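Residue strings, one per chain:
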Amino acid sequence: MSSPSSAAGVTGAAAAGPALSVKGLVKRYGDTTAVGGLDLELQTGEILAILGPNGAGKTTTVEICEGFQSPDEGEVTLLGLDPIADNEKVRSRIGVMLQGGGAYPGARAGEMLRLCAAYSADPIDPDWLLENLGLVEAQRTSYRRLSGGQQQRLALACALVGRPEVVFLDEPTAGMDAHARIMVWELIDRLRADGVSVLLTTHLMDEAEELADQLIIIDHGVEVAKGTPAELTSRGAENELRFHAPRGLDLTLLETVLPEGYSCSEFSPGGYLVRGQVTPQVLATVTGWCAKINVLATDLRVETRSLEDVFLELTGRGMRG
Ligand SMILES: Nc1ncnc2c1ncn2[C@@H]1O[C@H](COP(=O)(O)OP(=O)(O)OP(=O)(O)O)[C@@H](O)[C@H]1O
C-alpha cells in the first residue's frame, strides 16, 4: 500500500480518554431485549471487535453508538460527546459504513466516492482509496452493476474518505471473497497504524482474531467474554500439553519429577497428555525426561482454543447457531 500516512492519516490530536465508552446499554424492541446491559470501551487507535452470532445485538449496539438509535437505558460517550445530543459535532469526526443505504443506483462508483469526498474539508485522496480497495477498474461502473463485494468496498471507501477519527464497521467483509477480505483487513490495519479507532462487528472468528486488539463476545445482547484474542483463546488452555512418543512409556518417573498436582496419561496409543499449568519449566521437565529415557517427543503442543471453542464453552452452542 502506498503513502498510507499522508493518505489515511489522522490530523486531529488524539482525544483524552477512550474514543468510545458504553455503560449499561439496554435496548428493547417490544418483548425482545436486543441489548441487555452492555459495557464496552474503545481506546483511541485500537480496534474493538464485537463478535456474536446472528441476532446477538451487534447492529443495534453499533447503531446506538453512531447516534442512529437511542438507548432505553445506559450511557454512550463518543469522542467525549453524546452521539445524539451532539450529533452535528460528532458526524464529521466519524465514519459509518452504510449497507447500500444512500447510494444512487445509477451513479458510478468513482463519482460516488468523489461526492462523499466533497463533503469533507480534508478528504483522503479518493484515487488512493480506489487503488487500495481494488476498485480502480470498477470506478466507471454504476453502483447497481457492482458485485456485492465491490459495493461493500465502496461503502468502506465512503466511510473513510472524510478522514474520520472513529470508524464503525458493521460486518465489513460480508459477502466478499478471500482476496477482497484480505485487502480490507490490510486497510483496516493501516487505519489503526494511523491512530484511527475502529469499532467492528463480525461473526467471522478469523476476522476478529486477525484484526481486534480487544474483543467482546456477545450473545442475546449480553457479554459472554471480553479480552484480547490471545487472552480469550489461551485462557484455560495452558492446562494441557500433548505429545506423541513410542507407546507404552512408564509415566511414573515423569510424574515424580513434575510439580505436585500434575497428571500424565497415555490417552491413545503413543499419544500422551500432561495436565497442569504448562509453564516453561514444566515444558523443560517433560522434554528433559524424554531425553533421559532417549525418546523423541513429536507433535508436542500446548493446546490453544479457537474463538469458536470459547463461544461453545461459554454458551453450549456454536457461533452459527
Ligand atoms: N427494528 C427492530 N424491531 C424489532 N426487533 C429488532 C429490530 N432490530 C433488531 N431487532 C431484534 O433485536 C435482536 C438483535 O438484533 P441485531 O440486528 O442487533 O443483531 P445482530 O447481532 O446484528 O444480528 P445479525 O448478525 O443477524 O445482523 C434480534 O432478535 C432482532 O430480531
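Residues numbered from 1 in each chain as written. Predicted model: local features only at pLDDT ≥ 70, side-chain atom pairs only at ≥ 80, totals over all residues.

We now examine the nonpolar core. With 68 residues, the main nonpolar core has Ala49, Leu113 and Ala157 as its most contacted residues. Not counting chain neighbours up to four residues away, the residues in contact with Leu113 comprise Pro126, Leu129, Leu130, Leu154, Ala157, Cys158 and Val161. Leu254, Tyr272, Val274 and Trp289 belong to the second largest nonpolar core, which has 7 residues in total. (Core = buried A, V, L, I, M, F, W, Y, C linked by C-beta atoms within 7 Å. Buried ≥ 20, exposed ≤ 12 C-beta atoms within 10 Å, placed from the backbone. Contact = placed C-beta atoms within 7 Å.)

This part is about the site of the ligand. Neighbouring residues of the ligand: Tyr29, Thr32, Ala34, Gly52, Asn54, Gly55, Ala56, Gly57, Lys58, Thr59, Thr60 and His203. Sorting the residues of the shell around the ligand by element identifies β2 (32-42) and α2 (58-66) as the ones contributing at least two each. The element that contributes the greatest number of residues to the shell around the ligand is α2, accounting for 3 residues. (Near = placed C-beta within 6 Å. Helix = DSSP H or I, 4+ residues; strand = E, 2+ residues; numbered from the N terminus.)

It is worth spelling out unusual backbone geometry at this point. Within the chain, Leu79 stands out as a residue other than glycine whose phi angle is a positive 50 degrees. With respect to the helices and strands, the residue Leu79 is situated in the loop between β4 (73-78) and α3 (87-91). Even without a glycine there, the phi angle at Asp299 is positive, about 50 degrees. Looking at the element boundaries, Asp299 is found in strand β13 (residues 298-302).

Attention now goes to the sheet that holds β13. Judged by pairing direction, the sheet is antiparallel, and its 4 strands sit side by side in the order β11-β12-β10-β13 without closing on themselves. In this open sheet, the two edge strands, each paired with only one partner strand, are β11 (263-268) and β13. Here the strands of the sheet are splayed against their neighbours by 20 degrees on average, with no regard to which way each runs. (Pairing = 2+ DSSP bridges. Axes fitted to C-alpha atoms, helices over the stretch in contact; angles between N-to-C directions.)

A separate point is the environment of Val274. When you line up the elements, Val274 lands in strand β12 (residues 271-275). Taking the C-beta count within 10 Å as the criterion, Val274 has 23 such neighbours and is therefore assigned buried. Once the C-alpha coordinates of Val274 and Ile94 are considered, the two residues, 180 residues apart in sequence, prove to be 50 Å apart. Residues in contact with Val274, not counting those within four places in the same chain, are Leu241, Tyr262, Cys264 and Val286.

In this section: the domain arrangement of the protein chain. Along its sequence, the protein chain is organised into domain 1 (4-233) and domain 2 (237-302). The distance between the C-alpha centroids of domain 1 and domain 2 comes to 46 Å. (Domains from an automatic or database assignment.)

This part is about the packing of helix α4 (residues 109-118) against helix α6 (residues 148-160). At a minimum axis distance of 8 Å, the contact between α4 and α6 shows a crossing angle of 20 degrees. Comparing their axes, α6 and α4 come out roughly parallel. Judged by the sense of rotation from one axis to the other, the crossing of α4 with α6 is right-handed. Only Leu154, Ala157 and Cys158 of α6 make contact with α4, whose side of the interface consists of Ala109, Met112, Leu113 and Cys116. The class makeup of the residues in the contact of α4 with α6 is 7 nonpolar, no polar and no charged. (Parallel < 35°, antiparallel > 145°, perpendicular 65-115°, else oblique. Left-handed = near helix turned anticlockwise from the far one by under 90°. Nonpolar A, V, L, I, M, F, W, Y, C, P; charged D, E, K, R; others polar.)

As a further point, take the pairing of β2. Where strand β1 (residues 20-29) meets β2, 8 bridges bridge the pair, whose relative direction is antiparallel. Each bridged residue has a counterpart across the sheet, and for Arg28 the counterpart in β2 is Thr33. Between β1 and β2, which pair antiparallel in sequence order, lie 2 residues; one of them, Gly30, sits at a positive phi of approximately 60 degrees.

Attention shifts here to helix α11 (residues 280-292). With 13 residues, α11 should reach 18 Å at 1.5 Å per residue; the first-to-last C-alpha distance of 18 Å fits that figure. Of the residues trailing α11, Asn294 is marked for its positive phi of about 60 degrees. (Expected span 1.5 Å × (residues − 1).)

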